[in-house]
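One-letter residues, chain by chain:
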Amino acid sequence: MGSATSPMMQQFEAAKARCPGALVLFRMGDFYELFGADAREAADLLDLTLTSRDKGPDALPMAGFPHHQLDVHLVKLVAAGRHVAICEQLDGPVSTDGKPTKGLMRREVTRIVTPGIAADESLLDPSRVNWLVALRPPRPGTEGPVGLAWIDVAAGRFEAAVVDRDDVVDHVLRLDPSECLCAERDRHAVAELLRPAGGRPLTARPDWWFEAAAADGALERALGGRRLEGLGFELPHDVPGVAAAGAIVAYLEENEPAAVSRIDTLAAWRPGLRMEIDEASRRSLEIVRGAAGGRREGSLAAVLDRTRSPMGARLLGEWLSAPLVEKAAIDDRLDAVAALVADAALAARLAATLSGIGDLERLIGRVVTGRAGPRDLERIGRAAAILPDLHALLADSGGLLADLREGLDPCADIAARITRTLREGCPVFAREGGFVRPGCDARLDELVELASGGKAWITEYQAREIGRTGIASLKVGFNRVFGFFLEVGRSHAEKVPVDYIRKQTVKNAERYTTPELDERQRQVLGAEEEAVRREIELLDELRGFVAAERSRLDRAADVLAAIDVLVSLADVARSRGWVRPEIATDGGLFVAGGRHPVLESLLPAGSVVANDLTVAARPPGGGAAVETPAILLVTGPNMGGKSTFIRQAALVAVMAQAGSFVPATSARVGIVDRLFARIGAGDDLARGASTFLVEMAQTARILNRATPRSLVILDEVGRGTSTFDGLAIAQAVVEHLQSQVGCRTLFATHYLQLAALDRLPGVGNVQVLVKQHREQLVFLHQVVPGAADKSWGVHVARLAGVPAGVIERARDLLLELESEASPARGRPPRRAAAGQRSLFD
């Protein structure tokens, strides 16, 4: 075993050469074994015992686990970002040169699993799309955009884009891929590029995969010769993205060839077709993942998610991550939600029907890759069977719901074929047999009857032997240990014929066999094996039939997911009393009685204080004063609700443009093209960046990318440095947004001096009210016009439990500092822009 030249180790080494970089699970009898470096790594990851059959310093390490634990350990390995090659022990022992032999079982790599191409249900998060991303940066020493491509292998969704280098991280974080691909030559450059994305699993493949010529060939094979120009690509501009897409196809051909047939098209991603939300903003606003542990709990998606299917939950996350920016499309969604809010009975019937569809999208992917078992196909049949009911329920609907109904193929023939073939309660694995419905196949029925012993034959044979022996109590039995037997009570031992052969002694009886019974047993055992083989043949035929109809089922899955999301949004809106927002093409954002949707879901009904919001974009620089500001400066104490107020404004815009009703008494939302939220920051120790540097980098991105149609949410800009540095930066940021951008901005700050900027056109003040009762501070959480005159920091410190002595000393120091403060003392005067008042004057 320890010899690296033994025939079995040669098989292992061949598997390693076939799958470089993968952990090889090498099947040996009832165990999967790992050897050498693979064994050391797996022992750490899976908590396995590291051992060796040999002794000494050259002993080959090995580790293993029982074959039935494969799924459990595969989940751990893929979650750790590892590639896994499964080398199975196949029938038919062969020698190393391929000739038959008695000693060595034939073994081959039958499956390769990587984080990006994992398709098994146990390996995937049902609420999250499992993206595989490829990156193709410009050649070293050159400038240019980066080619990106991404695919959901389980669903066959495939897109490509060319993006600016500065936007790569946001794209990658938006997709949150399980695995990234790059060329060998670009490994270090891409790793550095993705460092802000948290170090994604990175797989380097041959450089030539990422060349245009190789990509053209790969995409031609995958797309059936369709021209890229016909799919919306503009060449040569899109060549980097196309090259990345070609590399993905090559990767699938190497590791999961069947998945290539899942690809129907390659979509060209273009900026400006969805609301752009960078990762810092998405994280700050907790749109799809909460702050605690990065899970969905505590996020906006969790509040809105009452979907009945995993694919509906995934689609909801996509709608919220990239809301629409076209008024007509937004209104179509809102019309559909409004119709379902108004017709609660229809929504309830749709919800009940959708509860049975399961994850049709990923089940189809398993069919295409040839790994769908009997239970998977049964689930597809169950989902297909409800399509006619959904079709009928939407018969009187209009708008988007009518369009969805029009695109919903009832797939009655698919449901009928599956139902006709499979019985209810199918096993997971085909090897167990017993999943084909009786009456489906005449030959199988004969084999099943024979394999069960043949009740008619048993009855006839038993009657014949009773007549021959005169033993009325004689009976024919069968069990899987001893096969067929004739059981005779001991009181009739003298009547047993001489041709009976004693087989087993049991209490008060003897069991016998006869040559005729032995022959029947041989027929039965052969029939069992043949029946299982026939069932597998029928399963393969059914799988092939479903795979051939996958385009119809894919379209049905898309429609079902969209209906599921719309029903979910309507359910939440109705139960919470939310209202339909009016969508406008101007730059307004007007919310009456707005509440934070997540906070409202966590607190008792009616306990969240509602607040109004009025902002409207205006031409940069201003002009004459107007009543509606573009920039609102929000002041007030910590814990007063400033951050909640500005966050809920952003979430209202996201919800409205995603097609959801909003938590308010009324709302009018001017379409937002880009949403920026800088709320809190932390050190980036890996890159040597302090909290303040991270904050300034995020602020710089906002100032450089915001447009007049954007919505900017800023919280405590400048707090990470000295008071006057921070105040100066904060004022300069507000002035830039007012004079150069003109977009809607909510700016929460403790710099009370900034209130003076309301002299600028388009800048206004609101404050979060607080009430002091004796020594107690009461937070009212009400937002009203005007500027706060105190920060109440010492009072908040007292609420936080700071020792009384510290609080008293802080009060004394505060009075002293306030009496002596003179911001202009000791510094040269600042030159203010014409017509502006300097904060330092």
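**Examining the overall build of the protein chain**
Then, number 1: If you tally the helices and strands in the protein chain, you get 27 helices and 26 strands.
Then, number 2: The burial tally for the protein chain puts 50% of its 841 residues in the buried class.
Then, number 3: For the protein chain, contacts bridging at least 24 residues in sequence account for 67% of all contacts bridging at least 6.
Then, number 4: With an accessible surface of roughly 37,500 Å², the protein chain has 53% of that area assigned to carbon and sulfur atoms.
Then, number 5: In the protein chain, which carries 101 positive and 111 negative side-chain charges, the distance between the mean positions of the two groups comes to 3 Å.

**Some details on the sheet that holds strand 1 (residues 23-28)**
Then, number 1: Ordered in space as 3-2-1-4-5, the 5 strands form an open sheet in which the pairing is mixed. Bordering the open sheet on either side are strand 3 (62-66) and strand 5 (106-113), each of which pairs with just one other strand. Across the sheet, the mean angle from the axis of one strand to that of its neighbour is 25°, orientation sign disregarded.
Then, number 2: Here strand 1 pairs with strand 4 (residues 84-90) via 4 bridges, running parallel. Each residue of the ladder has a partner; that of Phe-26, found in strand 4, is Cys-87.

**Concerning the environment of Ala-351**
Then, number 1: On the secondary structure map, Ala-351 appears in helix 12 (residues 344-354).
Then, number 2: On the basis of relative accessibility, which here comes to 7%, the residue Ala-351 falls in the buried class.
Then, number 3: Other than its neighbours up to four places away in sequence, Ala-351 contacts Arg-308 and Val-567.

**Remarks on a nonpolar patch on the surface**
Then, number 1: Side chains of Leu-599, Leu-602 and Leu-603 sit close together on the surface and give an oily, nonpolar patch of about 270 Å² of accessible area.
Then, number 2: For Leu-602, the position within the fold is in helix 22 (residues 597-602).

**Remarks on the sheet that holds strand 7 (residues 146-152)**
Then, number 1: Sheet architecture is open: 6 strands sit in the order 10-9-6-7-8-11, paired in mixed fashion. Of all the strands in the sheet, just strand 10 (202-205) and strand 11 (267-268) have a single pairing partner and so form its edges.
Then, number 2: Taken together, the 7 bridges between strand 7 and strand 8 (residues 157-163) define a ladder with antiparallel strand orientation. Residue pairing in the sheet places Ala-149 in a bridge with Ala-160 of strand 8.

**With respect to the packing of helix 13 (residues 360-368) against helix 21 (residues 550-576)**
Then, number 1: Running from amino to carboxyl end, helix 13 crosses helix 21 at an angle of 160°, the nearest separation of the two axes being 9 Å. Accordingly, the angle class assigned to the pair helix 13 and helix 21 is roughly antiparallel. Helix-helix and strand crossings are classified by hand; for helix 13 and helix 21 the assignment is left-handed. For the pair formed by helix 13 and helix 21, the contact residues are Leu-360, Glu-361, Ile-364 and Val-368 on the first element and Arg-550, Leu-553, Asp-554, Ala-557, Asp-558 and Leu-560 on the second.
Then, number 2: Its residues assigned to classes, the contact of helix 13 with helix 21 shows 6 nonpolar, no polar and 4 charged.

**Focus: the nonpolar core**
Then, number 1: Among the nonpolar cores identified, the biggest contains 116 residues, and Leu-304, Leu-320, Leu-340, Ile-380, Val-546, Leu-613 and Leu-675 are the most heavily contacted of them.
Then, number 2: A per-element tally of this core places helix 21 first, with 15 residues.
Then, number 3: Among residues more than four places away in sequence, those in contact with Val-546 are Val-367, Leu-377, Ile-380, Ile-418 and Leu-553.
Then, number 4: Counting 31 residues, the second-largest nonpolar core is a separate cluster that includes Val-153, Phe-158, Ala-247 and Val-260.

**A look at the packing of helix 11 (residues 327-342) against helix 12**
Then, number 1: Running from N to C, helix 11 and helix 12 point in directions that differ by 100°, and their axes come no closer than 5 Å. With respect to their mutual orientation, helix 11 and helix 12 come out roughly perpendicular. Of helix 12, the residues touching helix 11 (which contributes Leu-340, Val-341 and Ala-342) are Ala-344, Leu-346, Ala-347 and Leu-350.
Then, number 2: Broken down by class, the residue content of the contact of helix 11 with helix 12 amounts to 7 nonpolar, no polar and no charged.

**What to know about the packing of aromatic side chains**
Then, number 1: For the coordinates displayed, the defined rule picks out 6 aromatic pairs.
Then, number 2: For the pair Phe-12 and Phe-26, a centre-to-centre distance of 5.9 Å together with 90° between the ring planes defines the contact as edge-to-face. Of this pair, Phe-12 sits in helix 1 (residues 7-18) while Phe-26 sits in strand 1; the two residues are 14 residues apart in sequence, bridging distant segments of the chain. Both residues of the pair, Phe-12 and Phe-26, belong to the buried class.
Then, number 3: Consider the rings of Phe-12 and Phe-35, whose centres lie 5.0 Å apart with planes at 80°: the pair is edge-to-face. Note that Phe-12 is positioned in helix 1 and Phe-35 in strand 2 (residues 31-35), a separation of 23 residues in sequence.

**Re the pattern of salt bridges**
Then, number 1: In this structure the tally under the stated criterion is 63 salt bridges.
Then, number 2: Of the charged contacts, one joins Arg-128 and Asp-176 as a salt bridge, the two residues approaching to 3.2 Å between their closest N and O atoms. Highlighted residues: Arg-128 in the loop between strand 5 and strand 6 (131-136) and Asp-176 in the loop between helix 4 (168-175) and strand 9 (179-183), separated in sequence by 48 residues.
Then, number 3: When the shortest N-O distance is used, the salt bridge between Asp-499 and Arg-468 registers 3.3 Å. A residue pair is termed long-range when its members are at least 10 positions apart, and Asp-499 in the loop between strand 14 (483-489) and strand 15 (501-506) and Arg-468 in helix 19 (residues 455-469) qualify at 31 residues.
Then, number 4: On the basis of relative accessibility, which here comes to 34%, the residue Asp-499 falls in the partly exposed class.
Then, number 5: Through salt bridges with shared partners, one network takes in Asp-167, Asp-170, Glu-276, Asp-278, Arg-674, Arg-701 and Arg-705.

**A closer look at the pairing of strand 4**
Then, number 1: Taken across its 7 residues, strand 4 has 5 buried, putting it largely inside the fold.
Then, number 2: Strand direction decides the pairing type here: strand 4 and strand 5, joined by 7 bridges, are antiparallel. Along strand 5, the bridge assignment pairs Ala-85 with Ile-112.

**Regarding a negative patch on the surface**
Then, number 1: Side chains of Glu-326, Asp-332, Asp-403 and Glu-406 sit close together on the surface and give a patch of like negative charge.
Then, number 2: Mapping Asp-332 onto the fold places it in helix 11.
Then, number 3: For Asp-332, a relative accessible area of 37% puts it in the partly exposed group.

**Re unusual backbone geometry**
Then, number 1: For the peptide bond that leads from Leu-235 to Pro-236, omega is 10°, which places it in the cis range.
Then, number 2: As for its position among the elements, Pro-236 is in the loop between helix 6 (212-223) and helix 7 (239-255).
Then, number 3: In this model, Glu-286 sits at a positive phi of 55°, which is unusual for a non-glycine residue.
Then, number 4: Position of Glu-286 relative to the elements: it lies in the loop between helix 8 (279-285) and helix 9 (300-304).
Then, number 5: When its relative accessible area of 22% is taken as the criterion, Glu-286 is described as partly exposed.
Then, number 6: Even without being glycine, Glu-716 reaches a positive phi, approximately 60°.
Then, number 7: The buried category is assigned to Glu-716, whose relative accessible area is 7%.

**Details of the environment of Asp-715**
Then, number 1: Tracing the sequence through the fold places Asp-715 in strand 23 (residues 711-715).
Then, number 2: It is 32 Å that separates the C-alpha atoms of Asp-715 and Arg-333, two residues lying 382 residues apart in sequence.
Then, number 3: Asp-715 has contacts with Ser-643, Ile-646, Arg-678, Ile-679 and Ala-748, leaving out every residue within four places of it along the chain.

**Looking at the confidence of the model for the protein chain**
If pLDDT is low for a region, its predicted coordinates should not be looked at in detail.
Then, number 1: When the pLDDT values of the protein chain are averaged, the result is 87; 92% of them are 70 or greater.
Then, number 2: Under a pLDDT of 50 for its full length, residues 682-688 has, in the predicted model, 10 contacts with residues more than four places off or in other chains.
Then, number 3: The model gives residues 824-841 a pLDDT under 50, and that stretch makes 22 contacts with residues more than four places away or in other chains.

**Let's talk about the side chain of Thr-707**
Then, number 1: Looking at the element boundaries, Thr-707 is found in the loop between helix 24 (691-705) and strand 23.
Then, number 2: There is a polar contact of 2.6 Å between the side chain of Thr-707 and the side chain of Asp-673.
Then, number 3: Dropping the residues within four chain positions of it, Thr-707 is found in contact with Asp-673, Arg-674, Val-741 and Cys-743.

How each quantity is defined
Residues numbered from 1 in each chain as written. Predicted model: local features only at pLDDT ≥ 70, side-chain atom pairs only at ≥ 80, totals over all residues. Heavy atoms only, no water. Helix = DSSP H or I, 4+ residues; strand = E, 2+ residues; numbered from the N terminus. Buried < 20%, exposed > 50% of the residue type's maximum accessible area, 1.4 Å probe, protein only. Contact = heavy atoms within 4.5 Å. Areas by Shrake-Rupley, 256 points an atom, 1.4 Å probe, with all protein chains shown as cover. Lys, Arg positive; Asp, Glu negative; His and termini not counted. Charge placed at Lys NZ, Arg CZ, Asp CG, Glu CD. Pairing = 2+ DSSP bridges. Axes fitted to C-alpha atoms, helices over the stretch in contact; angles between N-to-C directions. Patch = residues over 30% accessible without salt bridge, like charges linked within 9 Å, V, L, I, M, F, W, Y side chains within 5 Å. Salt bridge = Lys/Arg side-chain N within 4 Å of Asp/Glu carboxyl O. Parallel < 35°, antiparallel > 145°, perpendicular 65-115°, else oblique. Left-handed = near helix turned anticlockwise from the far one by under 90°. Nonpolar A, V, L, I, M, F, W, Y, C, P; charged D, E, K, R; others polar. Core = buried A, V, L, I, M, F, W, Y, C linked by side-chain atoms within 4.5 Å. Phe/Tyr/Trp six-rings, centres within 6.5 Å; stacked < 30°, edge-to-face > 60°. pLDDT = per-residue confidence, 0-100. Polar contact = N/O pair within 3.5 Å; in protein donor to acceptor, adjacent residues only side chain to side chain.

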